[in-house]
Amino acid sequence: MRLVVSILVVWSILTGCSSTYYAAMEKVGVHKREIMVDRVASANEAQQDAQQQFTSALDALQQLTGQQTSDLQSWYQRISREYDASVDAADEVSERIDAIEHVAEALFDEWYEELSLYSDSALRRDSEAKLKQTEKNYGYMLEAMRRAEQTMQPILVTLLDNTLYLKHNLNAQAIDALEREFSSLERDIELAIKRMEIAINESNRFIAGLK
């Protein structure tokens, strides 16, 4: 089963056809709801990784600004690696949120279409009410995720500025300039982590509602 699913994933990526992918997955017993739950959990994991990475970058800058050192080249290399890793972490979060939106759109479109297939009006109304509530819960979760995503960009901008400044000014004066930036970066990272925690909590509630 895992081999079949893996083949379908690769094939869908190559063809770029989401609807064909979802249809193929349903044929092997994996439905959109299950895919959505998996993708939300995956996005949670990516946000947790981003939290850890931003904290690591902040720690590196804090250590640098807290001391005088002649080995700025080594520090530049470390801060540069932290910046690159932070960009990768932020990109991963964005990609996984996008993946959630794709499957959510397919899931809700299918749900709306299938409402017309009911012959029992009471069952149709109940299903429609569940659809509306699920959409509402999904909206809260997605909004929280996007807010958290937006808080990452100022962090990346500040990290890039500091990385470039170290690169172009490998001297003792660079330390003093970085100290002025540190408090702002610290606030940005704390905000991003809080926003991601909110998004993760909303995601967990959403998953619990689907199960």
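Please refer to the structure higher up on the page.
What comes next concerns the included structure. (Residues numbered from 1 in each chain as written. Predicted model: local features only at pLDDT ≥ 70, side-chain atom pairs only at ≥ 80, totals over all residues. Heavy atoms only, no water.)

**Examining the overall build of the protein**
Now for step 1: Scanning the protein for helices and strands turns up six helices and zero strands.
Now for step 2: Starting at the N terminus, the α and β elements of the protein follow one another as α-α-α-α-α-α.
Now for step 3: Taken over 211 residues, the protein has a buried fraction of 39%.
Now for step 4: Taking as baseline every contact in the protein between residues at least 6 positions apart, the subset at least 24 positions apart corresponds to 77%.
Now for step 5: For the protein, the accessible area works out to roughly 11,800 Å², and carbon and sulfur atoms hold 49% of it. (Helix = DSSP H or I, 4+ residues; strand = E, 2+ residues; numbered from the N terminus. Buried < 20%, exposed > 50% of the residue type's maximum accessible area, 1.4 Å probe, protein only. Contact = heavy atoms within 4.5 Å. Areas by Shrake-Rupley, 256 points an atom, 1.4 Å probe, with all protein chains shown as cover.)

**A short note on the environment of Met152**
Now for step 1: Structurally, Met152 can be placed in helix α5 (residues 121–168).
Now for step 2: Judged by its relative accessible area of 0%, Met152 falls in the buried class.
Now for step 3: Taking the C-alpha atoms as reference, Met152 lies 6.1 Å from Ala192; in sequence the two are 40 residues apart.
Now for step 4: Apart from the residues within four sequence positions on either side, Met152 is in contact with Ala50, Phe54, Ala90 and Val93.

**A closer look at the pattern of salt bridges**
Now for step 1: Under the criterion given, the structure shown has nine salt bridges.
Now for step 2: Among the salt bridges present, the one from Glu143 reaches Arg147, with a minimum N-O distance of 3.1 Å. With Glu143 and Arg147 both in helix α5 and four residues apart, the pair spans about one turn of that helix.
Now for step 3: Arg146 is the partner of Glu149 in a salt bridge, and the nearest nitrogen-oxygen pair spans 2.7 Å. Of this pair, Glu149 and Arg146 both sit in helix α5, three residues apart, which is roughly one turn of the helix.
Now for step 4: Each of Asp98, Glu101, Arg146 and Glu149 takes part in salt bridges that share partners, so that together they form one network. (Salt bridge = Lys/Arg side-chain N within 4 Å of Asp/Glu carboxyl O.)

**Side note on a negative patch on the surface**
Now for step 1: A grouping of Asp84, Asp88, Asp91 and Glu95 is seen on the molecular surface, where their side chains present a negatively charged patch.
Now for step 2: Examined against the element boundaries, Asp91 turns out to sit in helix α4 (residues 72–115). (Patch = residues over 30% accessible without salt bridge, like charges linked within 9 Å, V, L, I, M, F, W, Y side chains within 5 Å. Lys, Arg positive; Asp, Glu negative; His and termini not counted. Charge placed at Lys NZ, Arg CZ, Asp CG, Glu CD.)

**Some thoughts on the packing of aromatic side chains**
What characterises a pair of aromatic rings is the spacing of the ring centres plus the angle enclosed by the ring planes.
Now for step 1: This model, assessed by the stated rule, comprises three aromatic pairs.
Now for step 2: Taking the centre distance of 6.0 Å and the plane angle of 55° together, the rings of Tyr138 and Phe206 count as tilted. Pair noted here: Tyr138 is in helix α5 and Phe206 is in helix α6 (residues 173–210), with a separation of 68 residues, a long-range link. The burial state of Tyr138 is the same as that of Phe206; both residues are buried.
Now for step 3: Members of the aromatic cluster, joined through ring pairs, are Phe108, Tyr138 and Phe206. (Phe/Tyr/Trp six-rings, centres within 6.5 Å; stacked < 30°, edge-to-face > 60°.)

**Here we look at the packing of helix α3 (residues 32–65) against α4**
Now for step 1: Two elements in contact, α3 and α4, have axes whose closest approach is 8 Å; the angle formed by their N-to-C orientations is 160°. Between α3 and α4, the interaxial angle falls into the category roughly antiparallel. Regarding α3 and α4, the two cross each other, and that crossing is left-handed.
Now for step 2: Taken together, the residues that form the contact of α3 with α4 break down as 23 nonpolar, seven polar and nine charged. (Axes fitted to C-alpha atoms, helices over the stretch in contact; angles between N-to-C directions. Parallel < 35°, antiparallel > 145°, perpendicular 65-115°, else oblique. Left-handed = near helix turned anticlockwise from the far one by under 90°. Nonpolar A, V, L, I, M, F, W, Y, C, P; charged D, E, K, R; others polar.)

**As for the nonpolar core**
Now for step 1: Core analysis: the largest hydrophobic core is formed by 55 residues, its most contacted members being Met36, Val40, Phe54, Ile100, Tyr138 and Met145.
Now for step 2: Looking at this core, the elements that each hand over two or more residues are α2 (18–27), α3, α4, α5 and α6.
Now for step 3: Not counting residues within four places of it along the chain, the set of residues in contact with Val40 comprises Ile100, Met141, Met145, Ser203, Phe206 and Ile207. (Core = buried A, V, L, I, M, F, W, Y, C linked by side-chain atoms within 4.5 Å.)

**Here's the deal with the side chain of Ser94**
Now for step 1: Here Ser94 is to be found in helix α4.
Now for step 2: Judged by its relative accessible area of 16%, Ser94 falls in the buried class.
Now for step 3: Here the side chain of Ser94 touches Glu149 through a polar contact of 2.6 Å, side chain to side chain.
Now for step 4: Apart from the residues lying within four places of it in its own chain, the contact partners of Ser94 are Arg146 and Glu149. (Polar contact = N/O pair within 3.5 Å; in protein donor to acceptor, adjacent residues only side chain to side chain.)

**Quick look at the packing of α2 against α3**
Each pair of packed helices can be summarised by the angle the axes make with each other and by the distance between the axes.
Now for step 1: Across the interface, α2 lies against α3 with an axial gap of 9 Å and an inter-helix angle of 110°. Classified by the angle their axes make, α2 and α3 are roughly perpendicular. In contact with Tyr21, Tyr22, Met25 and Glu26 of α2, α3 contributes Lys32, Ile35 and Arg39.
Now for step 2: Along the lines of polarity and charge, the residues of the contact of α2 with α3 split into four nonpolar, no polar and three charged.

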